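Summary of structural features
Chain by chain, the residues run as shown.
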Amino acid sequence: CCSFDLAKGKEILTLQRECHARRLEALLRVLLVVQQLLQENRHESKRDIYYIYPAFFQEQSVVDRAINDICILLQCSRHHLNVVSVGKGLVMGWLRFSEAGRKFDCINNPNTVYPIPVHVEEVKDIISVADYVLIVEKESVVQRLADDGFCRGNRCIVISGRGYPDVSTRRFLRLVIGKLRLPVYGLVDCDPHGFDILTTYRFGSMQMAYDAKFLRLPEVRWIGAFPSDIEKFSLPPQCLLPLTREEKAKTEAMLQRCYLLREVPQWRSEVELLLQRGVKFEIEALSVHSISFLTEEYIPSKIQAGLYI
């Protein structure tokens, strides 16, 4: 509650709990850092900000929440504050671009993996002769594609956030798709976490719902792995693992999301099948047929036959 019966320009803010006071102080400390970053045109990561006041913040989550609070209050995105994520995204394939004077020429070596730039606002001169973009959940699968020379035989761009994607990866994807107007396919594990990662790309995350309109990619189509692929590709029982109790609860919670029924009912049907069968499998399980089955048969056949949803 605020007191307004003071001299002009002065207010007293009374907080009922100590935790509320600490949250406000954290917000103000981060705001001071943000102000300095903007004035000096510098960028810092969330981790850098944490180490400015480590004794006060104590945990990284305190900084993360303060940044989210600031974005909501100012109705802006994190990159407008000059706060960047520590980059972890990967890209390879038929793409060429520059960032802050550095050139990334993936086209000359389409099966070489490059890090996605952190300062996406400085990415320019995007050139590509690709036919589509493939989002891959895991670094291990990206390496499998690179080892098999997938991008040399298929004109595509492969991008991975190495698990749940960071903001830089999602912004880079949105920039590339907006510039090139290419179809986008998502390849994730057949488990609740893989599906949750896929929905993060397409619809945004719950934690950063305020930023969804700047980060979501409604163009994303799900190429696999589907629960229905178990019969279609004859996966043996040893490739299947039972869902844990926590994974079943997570799946049930995801089925309550309104956009599954309203926008992607076919996705919801596959998730219902996942819960009904109670088993999961990883993308790598498709290698049970042959080491190159994923790159030579599974992905090409799905795209050519339009077996995506």
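For the structure, check the block above.
Residues numbered from 1 in each chain as written. Predicted model: local features only at pLDDT ≥ 70, side-chain atom pairs only at ≥ 80, totals over all residues. Heavy atoms only, no water.

Omega for the bond connecting glycine 224 with alanine 225 falls within 30 degrees of zero, at 0 degrees, which places this linkage in the cis form. Within the chain, asparagine 82 stands out as a residue other than glycine whose phi angle is a positive 65 degrees. Examined against the element boundaries, asparagine 82 turns out to sit in the loop between helix H4 (60-74) and strand E4 (83-84). For asparagine 82, a relative accessible area of 9% gives the class buried. Despite not being glycine, arginine 181 shows a phi value in the positive range, around 55 degrees. (Helix = DSSP H or I, 4+ residues; strand = E, 2+ residues; numbered from the N terminus. Buried < 20%, exposed > 50% of the residue type's maximum accessible area, 1.4 Å probe, protein only.)

Moving on, we come to empty space enclosed by the protein. Throughout the structure, instances matching the rule amount to 2 cavities of 30 Å³ or more. Asp189, Cys190, Asp191, Phe195, Trp222, Pro227, Glu270, Val271 and Leu274 are the residues that line the second largest cavity. With 3 residues, the single largest contributor to the lining of the second largest cavity is helix H13 (residues 265-277). Classifying every residue of the lining of the second largest cavity by side-chain character gives 6 nonpolar, no polar and 3 charged. (1 Å grid on protein atoms, 1.4 Å probe; cavity = no way out; pocket = protein on both sides within 12 Å on 5 of 7 lines; lining within 4 Å. Points joined across faces, edges and corners; volume = space filled by probe spheres on them. Nonpolar A, V, L, I, M, F, W, Y, C, P; charged D, E, K, R; others polar.)

This part is about a nonpolar patch on the surface. Taken together, Leu24, Leu28, Leu31, Leu73 and Leu74 make up a surface patch of nonpolar side chains, about 440 Å² in accessible area. With 3 residues, helix H1 (residues 18-40) is the single largest residue contributor to the nonpolar patch. Overall, leucine 28 belongs to the partly exposed group, its relative accessible area being 46%. (Patch = residues over 30% accessible without salt bridge, like charges linked within 9 Å, V, L, I, M, F, W, Y side chains within 5 Å. Areas by Shrake-Rupley, 256 points an atom, 1.4 Å probe, with all protein chains shown as cover. Salt bridge = Lys/Arg side-chain N within 4 Å of Asp/Glu carboxyl O.)

Bringing helix H14 (residues 293-304) into the picture now. For H14, spanning 12 residues, the distance from its first C-alpha to its last is 15 Å, which sits close to the expected 16 Å at 1.5 Å a residue. Here H14 has its buried residues at Phe293, Leu294, Thr295, Tyr298, Ile299, Pro300, Lys302 and Ile303. Residues of H14 that are buried make contact with strand E10 (132-136), helix H5 (139-147), helix H6 (150-153), strand E12 (184-187), strand E13 (220-224) and helix H10 (229-232). Positive backbone phi, approximately 70 degrees, marks glycine 306, located one or two places after H14. (Expected span 1.5 Å × (residues − 1). Contact = heavy atoms within 4.5 Å.)

Looking at the secondary structure, you find arginine 202 in helix H8 (residues 192-203). Not counting chain neighbours up to four residues away, the residues in contact with arginine 202 comprise Arg216, Leu217, Pro218, Val220, Arg221, Val264 and Trp267.

Moving on to the environment of serine 168. Mapped onto the secondary structure, serine 168 falls in helix H7 (residues 167-180). With relative accessibility at 5%, the residue serine 168 sits in the buried group. When the C-alpha positions of serine 168 and proline 117 are compared, they lie 7.2 Å apart, and in sequence the two are 51 residues distant.

Within the fold, valine 133 resides in strand E10. We classify valine 133 as buried; its relative accessible area is 0%. The sequence separation of valine 133 and arginine 155 amounts to 22 residues, and the corresponding C-alpha distance is 9.1 Å. Not counting the four nearest positions on each side in its chain, valine 133 is found in contact with Ile157, Ile159, Leu173, Ile177, Leu182, Pro183, Val184 and Tyr185.

Another aspect to go through is the pairing of strand E6 (residues 95-99). Most of E6 sits out of view: 4 of its 5 residues are buried. In this structure, E6 lies alongside strand E9 (residues 123-128), joined through 4 bridges in antiparallel fashion. Note that in E9 the partner of serine 98 across the bridge is lysine 124. As paired elements, E6 and strand E7 (residues 102-105) share 4 bridges and run antiparallel to each other. (Pairing = 2+ DSSP bridges.)

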